[in-house]
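# A structural walkthrough
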Amino acid sequence: MSQGGLVSGGTAPAVGGTRQATLVVALFAALIAALLWSVTAGRYPVPIDHVLAILAARIAEVSPVWSPTERIVVEVVRLPRVLTAAAAGAGLSLSGAVLQGLFRNPLVGPQTIGAASGAALGGVTAILFLDFGLSVQFGAFAGAALALAAVLAIHRSDGLSPVLTLVLAGVVVSAFCGALVGLVTYVADPETKLPGVVFWLLGSFASATWPKLGLVVGCTALAGIVMLGMRWRVNVLALGDEEARTLGVDPVRDRLVLLAAACLAISAQVAVSGTIGWVGLVIPNLARMIVGADHRRLLPVAALMGATFLVIADTLARDLTPAEIPVGIVTAIVGTPVFAYLLRRNAAGAA
Amino acid sequence: MIALRDVGHSFQPSRWLFRRLSLAPAQSQITAILGPNGTGKTTLLRVLCGTLAPREGERIGSDAVGYVPQALAADQGLTALDMVLLGRSRFLGRFEAPARRDTARAQECLDEVGLSSIAGQRYDRLSGGQRQLVLLARALASDPATLVLDEPTSALDLANQGVVLRLMGRLSRERRLSILFTTHHPEHALAVAHRALLLFPDGIHVEGPAETVVDETNLARMYGVPVRRVALTGEDPSAFAIVPLHHLRKTSAAATFAGVPE
């Protein structure tokens, strides 16, 4: 267990059952608040009472207090967008937390382990040879799974410093996928395909629609049910294969199921909104500081925090400046300092 | 109950760690496994637990084996109770989390090792002795018929060594567990074990009643160092010490350590 020091959990004491329930309720309330704020905010502000009335009108008879434009802004533009951001954030963060547990390494995330770049490569390839739509989701999933398989293959060949080689293998695979993405954009027809490819790669929730929302919610929910359902198994697998076996659990198959679920959630996010970094790496670490390393508590908290964080980040991305900044820049600006802090903390812990 | 029949294992093609090794540990019986570093003690434990398939021979029986690793690992940041709860995993389905009855059983096991008071503390903040006991409770939580411990006393101070050895004795008597443990302390083997298995560096092994096989000749052959068993006079007439004759000399003439004069 040479890497034991790295996987030390948060400094917070373990949280009791009632405190955990309170925390989950509070985080859920925060997510709802963030969603509502996000729907009201923007270059065309919609008052909160109008938003609530428009939402209520979907399920009950409400006399319209809103203008037709407000209704279109809320229902067609903003609602699918903020809900997509929430689903993507939850999926990324949940996957990150599961990957960190499985690899017993807090520096692992959808991006550092190459899955996100694999998904991007799969996505652009699908756009190039087929078209947008479901094929992008399939391409992204295949790409993420292949990238993860490649990282594991490289990783296995070195037993010296497992924590670092895993991250370095991720860097290598990401770079390779990045090069292939460059090749695809280079050969893409500049008249028909290239604009779509480039726009998709930039990463944004601006193109969110109800059908795309359905896709990302469906995939994330399926992956989420598997990962949250196996939260105790993640605890067992986080002890390492040998110990898992002595506890009567076969680690190989369980890990495969969890990795497939993580790939599904990550590729669903990449398929609807391109690569968005740092969420799946940083949020699980923050969640671990709050609730400790027990995945029964960590996974739901990480999912809720990830959803809230990405909704807020996306709202800032579209409202801070007159022209929208890519949301990936906002998550990186918040994520990199936190990551640097985690690196320092881990270095201190390992010493 | 589990048993080994004619097992042999090697990691390199021609270098057998042990061969034709048979073990049939009985209920309420404690077996000590001794051998120098690298003779395959831990490998043998893995075969006993069923996590490693031997190259030769077979492991018989499919009963649950509770395994207690050396108390080195301090990952995770789980509480002591959660750590023990992990022992319930074999009873839980893939999508199942521990229920209230599992928590109750885990708490019982913590009580059994005398650590009820630290259930909520983080495992990685515990002392080495407490960690060893928590791991023992975790093995008990899987309701095993056989308990396998890898050098349970090696990381512990003298007092805690006694705590763990006494606990092993009590578990074998009261819960009728078959217990197997590896150790580098021959006196621990003689103190608690009924049977002993000695693994020699040349791949040979000897198994028999602890009192018979753990003697000066076998120990000397095993470790390549002359060994004396010395009776200690005083309060406890049955007390003895096993002393290796290293013939060490400090460079300073003032102090010498030669064990017992030959």
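Description of the structure in this document. (Residues numbered from 1 in each chain as written. Chains lettered and ligands numbered in written order. Predicted model: local features only at pLDDT ≥ 70, side-chain atom pairs only at ≥ 80, totals over all residues. Heavy atoms only, no water.)

### With respect to the overall build of chain B
The helix and strand inventory of chain B stands at eight helices and 13 strands. Over its C-alpha atoms chain B spans a radius of gyration of 20 Å, differing by no more than 12% from the 18 Å that the globule rule assigns to 262 residues. Its C-alpha atoms give chain B principal-axis dimensions of roughly 65 × 45 × 35 Å. Looking at chain B residue by residue over its 262 residues, the buried ones come to 51%. (Helix = DSSP H or I, 4+ residues; strand = E, 2+ residues; numbered from the N terminus. Rg over C-alpha atoms; globule rule 2.2 N^0.38 Å. Buried < 20%, exposed > 50% of the residue type's maximum accessible area, 1.4 Å probe, protein only.)

### Thoughts on the overall build of chain A
Secondary structure summary: chain A contains 14 helices and zero strands in total. What you see in chain A, going N to C, is helices and strands ordered as α-α-α-α-α-α-α-α-α-α-α-α-α-α. Radius of gyration (C-alpha) of chain A: 20 Å, near the 20 Å computed for a compact globule of 351 residues. The proportion of buried residues among the 351 residues of chain A is 55%. Contacts spanning at least 24 positions in sequence make up 76% of the contacts within chain A whose residues lie at least 6 apart. (Contact = heavy atoms within 4.5 Å.)

### Overview of the sheet that holds strand 2 (residues 18–23) of chain B
Residue and element names in this part refer to chain B. Strands sit in the order 2-1-4 across an open sheet of three strands; the sheet is antiparallel. In this open sheet, the two edge strands, each paired with only one partner strand, are strand 2 and strand 4 (56–60). Going across the sheet, the axis of each strand differs from the next one's by a mean of 20°, ignoring polarity. Two strands pair when backbone bridges link them, and strand 1 (residues 3–9) and strand 4 are joined in this way by four bridges, in the antiparallel orientation. Across the sheet, the residue bridging to Leu 4 is Arg 59, located in strand 4. Strands strand 1, strand 2 and strand 4 of the sheet are contacted by helix 1 (residues 41–49), whose axis makes an angle of about 135° with strand 1. (Pairing = 2+ DSSP bridges. Axes fitted to C-alpha atoms, helices over the stretch in contact; angles between N-to-C directions.)

### Brief notes about the packing of helix 3 (residues 68–102) of chain A against helix 13 (residues 295–319) of chain A
Residues and elements named next belong to chain A. Taken N-terminus to C-terminus, the directions of helix 3 and helix 13 make an angle of 140°; their axes are 7 Å apart at the nearest point. By the angle class used here, helix 3 and helix 13 are oblique. The hand of the helix 3/helix 13 crossing is right-handed. (Parallel < 35°, antiparallel > 145°, perpendicular 65-115°, else oblique. Left-handed = near helix turned anticlockwise from the far one by under 90°.)

### Side note on the sheet that holds strand 5 (residues 65–68) of chain B
Residue and element names in this part refer to chain B. With mixed pairing, the six strands of this open sheet are ordered in space as 5-6-7-3-8-9. Lying at the two open borders of the sheet, with one neighbouring strand each, are strand 5 and strand 9 (205–209). Direction aside, neighbouring strands of the sheet carry axes that sit 15° apart on average. Direction of pairing for strand 8 (residues 195–199) relative to strand 9: antiparallel, over a ladder of five bridges. Following the sheet pairing, Leu 197 is matched in strand 9 by Glu 207.

### So, the interface of chain B and chain A
The partner chain A presents 36 residues to the 29 residues of chain B that form the contact. Summed over both partners, the interface of chain B with chain A buries about 2,600 Å², with 55% contributed by carbon and sulfur atoms. Linking chain B with chain A are four salt bridges. With its nearest N and O atoms 2.5 Å apart, the salt bridge here joins B:Arg94 to A:Asp254. At the junction of chain B and chain A, the tally comes to nine residue pairs in polar contact (both at pLDDT 80 or more). (Buried area = accessible area lost by both parts, 1.4 Å probe. Salt bridge = Lys/Arg side-chain N within 4 Å of Asp/Glu carboxyl O. Polar contact = N/O pair within 3.5 Å; in protein donor to acceptor, adjacent residues only side chain to side chain.)

### Description of the pattern of salt bridges
Between side chains of opposite charge, a pair can form when the charged atoms approach closely. Residues and elements named next belong to chain B. Tallying each qualifying case throughout the model produces 25 salt bridges over all chains. Put simply, Asp 6 and Arg 20 hold a salt bridge, and the shortest N to O gap is 3.8 Å. Residue Asp 6 is found in strand 1, and its partner Arg 20 is found in strand 2; the two are separated by 14 residues along the sequence. The exposure class assigned to Arg 20 is exposed, which follows from its relative accessible area of 58%. In this structure, Asp 124 engages Arg 122 in a salt bridge whose closest nitrogen and oxygen atoms are separated by 2.7 Å. The residues Asp 124 and Arg 122 share a single accessibility class, namely buried. Because the salt bridges share partners, they merge into one network encompassing Arg 88, Asp 102, Arg 105, Glu 108 and Asp 143.

### Some points on the packing of helix 4 (residues 115–129) of chain A against helix 11 (residues 251–273) of chain A
Residue and element names in this part refer to chain A. The geometry of helix 4 relative to helix 11 is characterised by a closest axis approach of 9 Å and an angle of 50° between their N-to-C directions. Our classification of the angle between helix 4 and helix 11 gives oblique. Viewed along their axes, helix 4 and helix 11 form a crossing whose handedness is right-handed. Seen from helix 4, the contacting residues are Ala 115, Ala 116, Ala 119 and Ala 120; seen from helix 11, they are Ile 266, Ser 267 and Val 270. Residues of the contact of helix 4 with helix 11, tallied by class, amount to six nonpolar, one polar and no charged. (Nonpolar A, V, L, I, M, F, W, Y, C, P; charged D, E, K, R; others polar.)

### Notes on the nonpolar core
Generally speaking, soluble globular proteins have nonpolar side chains that are buried together. Membership of the largest hydrophobic core comes to 152 residues, with the highest contact counts inside it found for A:Ile113, A:Met227, B:Leu110, B:Val113, B:Val134, B:Leu136 and B:Leu147. Not counting residues up to four positions away in its chain, the partners in contact with B:Leu110 are B:Leu81, B:Val84, B:Leu115, B:Ser116, B:Ala119, B:Val134 and B:Ala137. Ranked by size, the runner-up nonpolar core spans 20 residues in total, among them B:Ile2, B:Val7, B:Tyr67 and B:Leu180. (Core = buried A, V, L, I, M, F, W, Y, C linked by side-chain atoms within 4.5 Å.)

### Focus on helix 8 (residues 210–229) of chain A
Residue and element names in this part refer to chain A. In this model helix 8 runs 27 Å from its N-terminal to its C-terminal C-alpha over 20 residues, within 8% of the 28 Å that 1.5 Å per residue would give. All of the buried residues in helix 8 are Leu 213, Val 216, Cys 219, Thr 220, Ala 223, Gly 224, Val 226, Met 227 and Gly 229. On the buried face of helix 8, the contacting elements are helix 3, helix 5 (134–156), helix 9 (231–237), helix 11 and helix 13. (Expected span 1.5 Å × (residues − 1).)

### Describing the pairing of strand 7 (residues 178–183) of chain B
Residue and element names in this part refer to chain B. Burial of strand 7 is extensive: six of the six residues sit out of reach of the surface. Note: strand 3 (residues 30–34) against strand 7, five bridges, orientation parallel. When the sheet's bridge partners are listed, Ile 33 is paired in strand 7 with Thr 182. Bridge analysis of strand 6 (residues 146–149) against strand 7 gives four bridges, and the strand direction is parallel. Paired with Val 148 across the strands is Leu 180, a residue of strand 7. As for the winding sense of the linkage, the β-α-β connection from strand 6 through helix 5 (residues 158–174) to strand 7 is right-handed. (Right-handed = clockwise from strand over helix to strand, strands pointing away.)

### Description of the side chain of B:Glu151
Residues and elements named next belong to chain B. Relative to the helices and strands, Glu 151 resides in the loop between strand 6 and helix 5. Buried charge Glu 151 goes without a salt bridge, the closest partner of opposite sign being Lys 41 at 4.6 Å. Apart from the residues within four sequence positions on either side, Glu 151 is in contact with Lys 41, Gln 70, Gln 132, Thr 182 and His 184. (Lys, Arg positive; Asp, Glu negative; His and termini not counted.)

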